[in-house]
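# Working through the structure, step by step
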Amino acid sequence: MDPIRQWWVEERAMKTVERLQAHQFKALYVKTKAEAVEEIWKQIAPKQKIGIGGSITIRELGILGQLEARGHTLHNHWLPGLSKEDSLQVRKSQMVSDVFLSSVNAITLNGELVNIDGVGNRVNSLSFGPGKIILVAGYNKIVDDVQEAIKRIKNVAAPLNAKRLSLDLPCAKLGRCVDCNSPNRICCILVVHERKPLISDVLVIIVGEELGF
């Protein structure tokens, strides 16, 4: 990344970190995803059970294989071949994991976390249940405010995820939200964390690279 763009990214990221910290979240900025992985290792104890949210970002970190190699049990509902019943059980297990790893759909410059879910297991785990919650987000997830966050999610993240999942949804065909009423709709639950949930331990790591959708 050229120095001028790097400056712009870091200015926005550090402002966001400052506001997150003011809202009682633990938060930090790192330049690379490799540094983000180093920070994650500092938070995880041996043999802990790790919940994995539905997140492209976490998988782009390349950490899942390392966690398995170190003997951690992973609650990962994206594993191929899971039945609907098994997938449901894994999603429930994420909510009581020792550590929950995920990303967010958007973070505002004012330090708010904004997420939209279809099922709800991810936003549930981001709010209450796991012993520790670690959220990793590329700088591309930073937006001005909540309304911009919702616009980004519905017109960028949701269409890309719908396309990835080969869902028969208008956004997967048009590349934008039409506020559909499809039974397969993945934008069902909107959650805005204005402050850290009272008894949850939440760390937000913002990365100076583009990650996820």
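These remarks concern the structure in this document. (Residues numbered from 1 in each chain as written. Predicted model: local features only at pLDDT ≥ 70, side-chain atom pairs only at ≥ 80, totals over all residues. Heavy atoms only, no water.)

On the surface, I4, W7 and W8 cluster together into a nonpolar patch covering about 390 Å² of accessible area. Assignment of secondary structure puts W8 in helix α1 (residues 3-22). With relative accessibility at 40%, the residue W8 sits in the partly exposed group. (Patch = residues over 30% accessible without salt bridge, like charges linked within 9 Å, V, L, I, M, F, W, Y side chains within 5 Å. Areas by Shrake-Rupley, 256 points an atom, 1.4 Å probe, with all protein chains shown as cover. Salt bridge = Lys/Arg side-chain N within 4 Å of Asp/Glu carboxyl O. Helix = DSSP H or I, 4+ residues; strand = E, 2+ residues; numbered from the N terminus. Buried < 20%, exposed > 50% of the residue type's maximum accessible area, 1.4 Å probe, protein only.)

This next bit is on the sheet that holds strand β3 (residues 73-76). What the 6 strands build is an open sheet, ordered β1-β10-β7-β4-β2-β3; its pairing is parallel. Two strands close off the open sheet at either side, each with one partner strand: β1 (26-30) and β3. Neighbour to neighbour, the strand axes of the sheet diverge by 20° on average, direction disregarded. In terms of strand pairing, strand β2 (residues 49-52) meets β3 through 4 bridges, oriented parallel. The residue bridging I52 from the neighbouring strand is N76, located in β3. With respect to the sheet, α1 is in contact with β1 and β10 (202-207), its orientation differing from that of β1 by roughly 170°. Seen against the sheet, helix α5 (residues 84-94) touches β2, β3 and β4 (99-102) and runs at an angle of roughly 115° to β3. (Pairing = 2+ DSSP bridges. Axes fitted to C-alpha atoms, helices over the stretch in contact; angles between N-to-C directions. Contact = heavy atoms within 4.5 Å.)

This next bit is on the environment of E39. Turning to its location among the elements, E39 is positioned in helix α2 (residues 33-43). If we skip the residues at most four places from it in the chain, E39 touches L28, V30 and I205.

Within the fold, P130 resides in the loop between α6 (121-127) and β7 (132-138). P130 gets classed as buried once you look at its relative accessible area, which sits at 7%. Each C-alpha atom of the pair P130 and V143 lies 27 Å from the other, and the pair is 13 residues apart in sequence.

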